[in-house]
Each structure stands twice: as structure tokens, then as C-alpha cells.
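Examining the three-dimensional arrangement
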2 protein chains.
Amino acid sequence: MRMREDEIIARYFAPLAGAGGLGLKDDAALVRLPDGFDLVITNDALVADVHFFAADPPFEIARKALRVNLSDLAAKGAVPVGFLLALMLPKGWQAQFPEDWLAQFAQGLGADSAEFGIALLGGDTVETSGPLSLSITALGQVPAGKMVPRTGVRAGDGLYVSGTIGDAALGLAIRLGRLGGPLPPEHSQFLTQRYLVPQPRMGLAGPLQAFARGAMDVSDGFVGDLAKMLRASNVGGRLDLSAVPISEAARAAMVLQPDLWQSALTGGDDYEVLCAIEPQKMADFEKAAADAGVKVARIGVATADPQVIWQNADGSLQTFSQDRYQHF
Amino acid sequence: MRMREDEIIARYFAPLAGAGGLGLKDDAALVRLPDGFDLVITNDALVADVHFFAADPPFEIARKALRVNLSDLAAKGAVPVGFLLALMLPKGWQAQFPEDWLAQFAQGLGADSAEFGIALLGGDTVETSGPLSLSITALGQVPAGKMVPRTGVRAGDGLYVSGTIGDAALGLAIRLGRLGGPLPPEHSQFLTQRYLVPQPRMGLAGPLQAFARGAMDVSDGFVGDLAKMLRASNVGGRLDLSAVPISEAARAAMVLQPDLWQSALTGGDDYEVLCAIEPQKMADFEKAAADAGVKVARIGVATADPQVIWQNADGSLQTFSQDRYQHF
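Scoring rules and cut-offs
- Residues numbered from 1 in each chain as written.
- Chains lettered and ligands numbered in written order.
- Predicted model: local features only at pLDDT ≥ 70, side-chain atom pairs only at ≥ 80, totals over all residues.
- Buried ≥ 20, exposed ≤ 12 C-beta atoms within 10 Å, placed from the backbone.
- Helix = DSSP H or I, 4+ residues; strand = E, 2+ residues; numbered from the N terminus.
- Pairing = 2+ DSSP bridges.
- Axes fitted to C-alpha atoms, helices over the stretch in contact; angles between N-to-C directions.
- Contact = placed C-beta atoms within 7 Å.
- Domains from an automatic or database assignment.
- Nonpolar A, V, L, I, M, F, W, Y, C, P; charged D, E, K, R; others polar.
- pLDDT = per-residue confidence, 0-100.
- Expected span 1.5 Å × (residues − 1).

Brief notes about the pairing of strand β9 (residues 272-277) of chain A
Residue and element names in this part refer to chain A. In terms of burial, β9 is largely enclosed, as 6 of its 6 residues are buried. Two elements, strand β6 (residues 158-162) and β9, share 4 bridges in a ladder whose sense is antiparallel. When the sheet's bridge partners are listed, Leu-159 is paired in β9 with Ala-276. With 6 bridges connecting them, strand β7 (residues 212-218) and β9 associate as antiparallel partners. If you follow Val-218 over to β9, its bridge partner there is Glu-272.

Below you can see the structure in the form of C-alpha cells.
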């Protein structure tokens, strides 16, 4: 069945619209923030077979597209409010995709909208001669003046990262058949799922707002993104490689294929939060993060010397051949 | 020369960033509206060879992508604040496009940012295996509660449209070689320019805010969009075809090829504003529009009867074979 744009919007997307989305029946959406709040806004574009696989489950494609944006908001200490979606469907998508592709895609958006307490505010649906592509703009709010910038890190601040690093890059390696042997299925599943659906650390928004001087989400490679945040703040850092949190599954994969450990730390798609906390607030931050149920690890300290130095457990220095993923 | 994503952003886009854009060096942008204002937000996606021609001047592609969004804001009575841009560049774009393509594209964004008093707040730049694609999210502000909805039209309201209708559809017909004969160059140029670069009616934002009960921008075809606004408001309308404002150039094209007049009224890409004004405010609205330098024409009246009736000057009824453009 050939569906028209209006029908697609009415059937699949209008049910996801919040009050501000005006049923997706107006030219624009309306957002009213509480007095004394700033708007935080971010946009990420995802293209099939660059940022995800076209054959991935549409439920998960939708969630990934939304979550990579929510991760940016979390890193800024912002609470998400809503999002807009530009959906570019490949011409003839009805023949290419399973019949209920769009229904499942909308269900993925709906599930995460419920999980994160947000609504679809608007967007656009068009056809393209190219691959399936998505552009999501996510809106969040913070009390005025409280957005956590990338640029606030000072020498002496403790450097932290949330969750575990490298899972998604290893999950991608598994998807591409680049892992040199079979992993136990639970590890393999964990890593591929970490690639498929990131976990934005929304629980950290409050602790970051309260205690962080600088923060950034890790999307393009942990080592490079950390260097980027320090450079933006005109500081350097001394980092302890053995303190970087690595999941059990990632450890198992690296044992299997030791040359993957560098790409795990530089491959990207982690969607964890990097942040800098002034020394006297570190205990409070650690407690607030624990109370919010988000694991954070202290990985080093910011330095006045602009170099970023990575040390192994034995004190030797570690360098990286390429520090982050460049989209091109 | 092969440019990386970071270099592209630093060289071409960072200079367009406003204060809230944080130099495009953070995860997100920060927007603070004055107390007592609502945010109005809209998103439009444009794909090469669907919404514009890939070979069009990049200066104009950028302006069109921005202006179609600004037109939505104008129709809501909103004053634009800024925008985010997701730019999807076809793989190998450096070989496909002239060397300074991106520079000219950024100049187009910059020229219009200056003209409309807005700034680039953020976005994303990625590569695609498909055609050049753009998704722009534009932000505007209105005093709280003053956004002009599509749904507020009541029976008895005067129906107005800005500018002239059909120019862009005829400009596209000229581009596609579908015009049956040569037009005088000034007419041909006017119409193709109207297709290439829409003129968002920002001057109407104030008059609409003050006097309109309902409004909508005309993007997908005048006749169909008008019907859509009336349907959304649960009213109908009685319209006078001879009152629809048609430019001299469009008249000349229709004389040359009379069968084009229906597609001119239903073809889309007008980016004019349709609105409904209660009878006792019509004179004030007309004066405010004139003071703002925007031509508006009264084309009919909203009716309690839900039918939308088009009358010719001789009183006979007019029907349309297809009332608007559907993207698919």
C-alpha cells in the first residue's frame, strides 16, 4: 500500500506528539519553559550504513537516533523536554522495508519518549534517492546559567567518565566480523547491544549541574574527545589508563584479539559522559552519581601543562595512533 | 584537498555561530528567551533533486533551506532567533562540487543570518552515500500565548494571502522546460528566482500576532493548504478566484500556456502566508501589513458550512483536479 506523507504523520507520528507538538498539525511547535530556565538544544544526523545498519531493527534505529541526542543533553546537565525528527525515507521504501517497518520505528520513538519523559514536537518526512537518513533536534532545559560547558575545566580538577568505554566499538567489530574468534554469547550480545542502543546517562544531569565544571559526551572516541574537552578548556591532563572502566565483555574481547584495545578506546559511539570536578567536590559528586545509579570512574587529573599524558599501570607512557573517529 | 569534519565546521560554520552557539564547540547550544516569551520551533528537510536542484548555486540552496523554515515562523507570528543545520554531504563531494561550494553555501547562510538577525546555533555535518540533504531547525519567539495557530479560524473571518501565488511553481516549470514558449527575460528571471529563493514574510509576524485568529504558510500548494487550514479550524470558505494575487510575470506565463494556471495555484513552494482576520479587525490588519511593507490580498471569507467553494468572477464554481503537492 502506498502511503502519503499526511497519512504517515497522522498514523505513526501524531500519537507521539505532546501538547507542544499541537498534534503535528501546525507549522511549528510551541515550547514554554518555566521562568528562570535556559533552553539547551542539540542536533545529530544519522545516515544508514554510516551511523547504523539499514537492516537493523527499526525499533532500535529510532532509539539510537534519539538517544545520541539525549546523551548530549545529559552531558550539559539538562533535562530533556522534547524533540523534532526529520525522516528521509529512501524512494520505494515500502518495497525495501518490511511492512511494519514504520510502525516499529514509531514504537521505538514512543518507548523512549515514555522512558525519558519527552514528546515529539514536530519535524518533516521526505523521500530521498539516497539511504535512510535521520536528523533529530532535541531540546532540554537547565536552570538559568547552569548549563555545564565543555570549556570550564581547570588544572587540578578530577577527571571522570561514566559507564564503560569501548563496548560499542567492539560491538561494531563483532558486527563486521572483525573479531578473531568466538566470544561467549552473553558477552557478544552485550557488546552488540551497546553498539545498537546507547544508554544516555540522564541520571548524571543533576550531579553534573551541581558539581561539574566541565563536561562532554563521548561520541567520537574516548581518547580524542577527552583531549578535545581539555584543549577547549586550555588545560592538559594526566590520565591513568588502568583506571578507564572496561566491561567484562570488552575485556574478554580484547583477550581474544589484543590489537582491538586501541580502537576500543578511540572508536567512538560510547555515549558516556566525561566530566571535570573540582577536588573539594569530588566526594559529593561521587555520592550523587551513585545515588542516581550511574557508575563513574576517576581516570585522572587536569593539568596546567597543556599536554595530555596517558600512563600505564607500570608508569610507562602510552600513545595512540589515531585518537578519535572522524566522520570524514 | 580533503577536509575533515572539524575543519569544515571551524572554517565555514563557526564564524556564523551566535553567542548561544558557543562557537559550535560544545555538545549543545544555549538559548535564553526573555521572560514571558514562548519558543516556536520548526524543522524542514530538503533533499537535492526533490526540493532543489543539486546544481543550483550553493549560496541560494542555503538561503532556500533557511527561508522555508523562517516562513513557518512568520506564519506563527514569531520573530526568528536562530537555527541548527544538519548537513549531509554526498561522499566525494569535493570532486563533485566546485572548489568553493562550501564557502558559498556558508556565505548564503551568513547573508541571510544577517538579513534576518539570527545566528547558527549548532548542528551536524555528516557524509552520505545519497544526495546532498539538509535539515534545518529554526527557533523563534512570541510573547507567551500569542502564537498564531492554524486552528483558530472562525466563520465570518476574512481570509487573506500575502505576496503573489504561483510564481515558484511556474519558475519550476521554466526550469524543467515545460513552458510552451519564450517569456520576456525579466518575467522568466522573476519566476525562476521566486522558485530558487523564497521570501519569508517576516514583516507579517507583528500584524499576525496582533490581528490574526489563524494562519499558515503556503508551502505545498495554495488551494490545498487553504483547505487544510480551514479543515483544521472546522470551518469552510467561500473564495474568489479573481482576488488571488498573481504577479505580472505569472500572468504572462499563463497566457503563454493556459493549462499551467491550475498547477500554479496548487504546485507549492510559494512560502506566502494565509491568514484569517475577524471582520472588525480587517482594516487594522491591512494597515499594519501595509506599514510593514507586505502586500496582502483579501481572497474570501470563512464559512460555517465546511465546504470550500471557489468562485470565478462570473459566479461560476471552480474545482481543482489536485489541490496540493504531496512529497510522496
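Resuming the write-up.
So, the sheet that holds strand β2 (residues 37-47) of chain A
Strand order across the open sheet formed by 5 strands is β4(A)-β3(A)-β5(A)-β2(A)-β1(B), with mixed pairing between neighbours. Each edge of the open sheet is held by one strand with a lone partner, namely β4 (119-128) of chain A together with β1 (29-31) of chain B. The mean inter-strand angle of the sheet, taken between neighbouring strand axes irrespective of direction, is 20°. Relative to β1 of chain B, β2 of chain A runs antiparallel, the two being bridged by 3 bridges. Opposite Val-40 of chain A, over in β1 of chain B, you have Leu-30 of chain B as the bridge partner.

Some thoughts on the sheet that holds strand β6 (residues 158-162) of chain B
Residue and element names in this part refer to chain B. Ordered in space as β7-β9-β6-β10-β8-β11-β12, the 7 strands form an open sheet in which the pairing is mixed. The outermost strands of the open sheet, each flanked by one partner alone, are β7 (212-218) and β12 (317-318). Pairing analysis gives 4 bridges linking strand β8 (residues 236-240) to strand β10 (residues 296-303), with the strands arranged antiparallel. Across the sheet, residue Gly-236 finds its bridge partner in β10, namely Thr-303. Contacting β7 and β9 (272-277), helix α2 (residues 58-75) runs over the sheet at an angle of about 170° to β7. Against the sheet, helix α8 (residues 222-232) contacts β7, β8, β9, β10 and β11 (308-311), and its axis sits at roughly 145° relative to β7.

Thoughts on the domain arrangement of chain A
Residues and elements named next belong to chain A. Each assigned domain of chain A is listed here: domain 1 (5-143) and domain 2 (158-318). A separation of 27 Å is found between the C-alpha centroids of domain 1 and domain 2. Across the contact, 16 residues belong to domain 1 and 16 residues belong to domain 2. Partitioned by chemical class, the residues of the side of domain 1 that touches domain 2 number 8 nonpolar, 2 polar and 6 charged.

Looking at the confidence of the model for chain A
Confidence in the prediction of chain A, expressed as mean pLDDT, is 93, and 97% of residues score 70 or more. With pTM at 0.94, the complex prediction returns an ipTM value of 0.93.

Topic: helix α6 (residues 185-196) of chain B
All names here are of chain B. Between its first and last C-alpha, α6 extends 16 Å over 12 residues, near the 16 Å set by a 1.5 Å rise per residue. Looking at α6, one finds that the buried residues are His-187, Phe-190, Leu-191, Thr-192, Arg-194, Tyr-195 and Leu-196. The inward-facing, buried residues of α6 contact α2, α5 (167-175) and α9 (248-256).

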